[in-house]
Amino acid sequence: MSPSARPFLRTLVAALAAAATVALAVGCGGGGGGDTAATDGPTIFADSGCANCHSFAAADANGRVGPDLDDSTLTEEEVVAKVRDGGGGMPSFGELSEAQLQALAEFVVGQRGR
Ligand code: HEC
């Protein structure tokens, strides 16, 4: 590789790193993510960054900040309320629609413990 190509490569690497940081911040859900148009539970779970904080086998999630969702005993209604309102270290995802919250709760309650 010619020496003159190196500065360009360094710029490219820096740009890619910056883009990755932005993508990470957007996907993280901390402080209220849920910036997704998806309507199916698994995709909403992934897009909202739930996996950053929760373990959940069905979503291949290994987060360690919040409780393991496979061990949760909450009903769908309680999961909807928890995700919408947050609390106790859990961010609120109030910008998710009722239909999205319901799909998410059905996924979390229906697939846990597997
Ligand atoms: C920034 C970290 C974080 C993110 C992101 C996060 N949670 Fe949580 N979650 C927590 C914490 C901490 C708790 C414990 C709250 C408590 O004890 O009141 C919690 C609690 C919960 C509970 C209650 C579990 C139980 O049995 O008590 C559910 C359900 C839940 N989260 C689902 C989700 C879903 C679904 C998402 C994605 C939309 C999500 N969480 C995103 C941190 C997070």
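A quick note: this is a predicted structure, and the numbers were derived from the prediction, not measured.

Asker: Can you break down helix α3 (residues 76-85) residue by residue, with the values?
Answerer: If you check which residues of α3 are buried, you get Val-79, Val-80, Lys-82 and Val-83. Relative to the axis of α3, the buried residues are bounded by an arc of 165° and lie together on one face. Of the exposed residues in α3, the ones pointing more than 90 degrees away from its buried face are Glu-77 and Asp-85. Check the buried side of α3 and you find it contacts α4 (98-111). At the C-terminal side of α3, Gly-86 shows a positive phi close to 70°.

Asker: Can you explain unusual backbone geometry? Please cite residues and give values.
Answerer: Although it is not a glycine, Asp-60 adopts a positive phi angle of roughly 60°. Tracing the backbone shows Asp-60 in the loop between β1 (55-56) and β2 (61-62). Taking the C-beta count within 10 Å as the criterion, Asp-60 has 10 such neighbours and is therefore assigned exposed.

Here is what the cut-offs are and how they apply
Residues numbered from 1 in each chain as written. Predicted model: local features only at pLDDT ≥ 70, side-chain atom pairs only at ≥ 80, totals over all residues. Buried ≥ 20, exposed ≤ 12 C-beta atoms within 10 Å, placed from the backbone. Helix = DSSP H or I, 4+ residues; strand = E, 2+ residues; numbered from the N terminus. Arc of directions from axis to C-beta. Contact = placed C-beta atoms within 7 Å.

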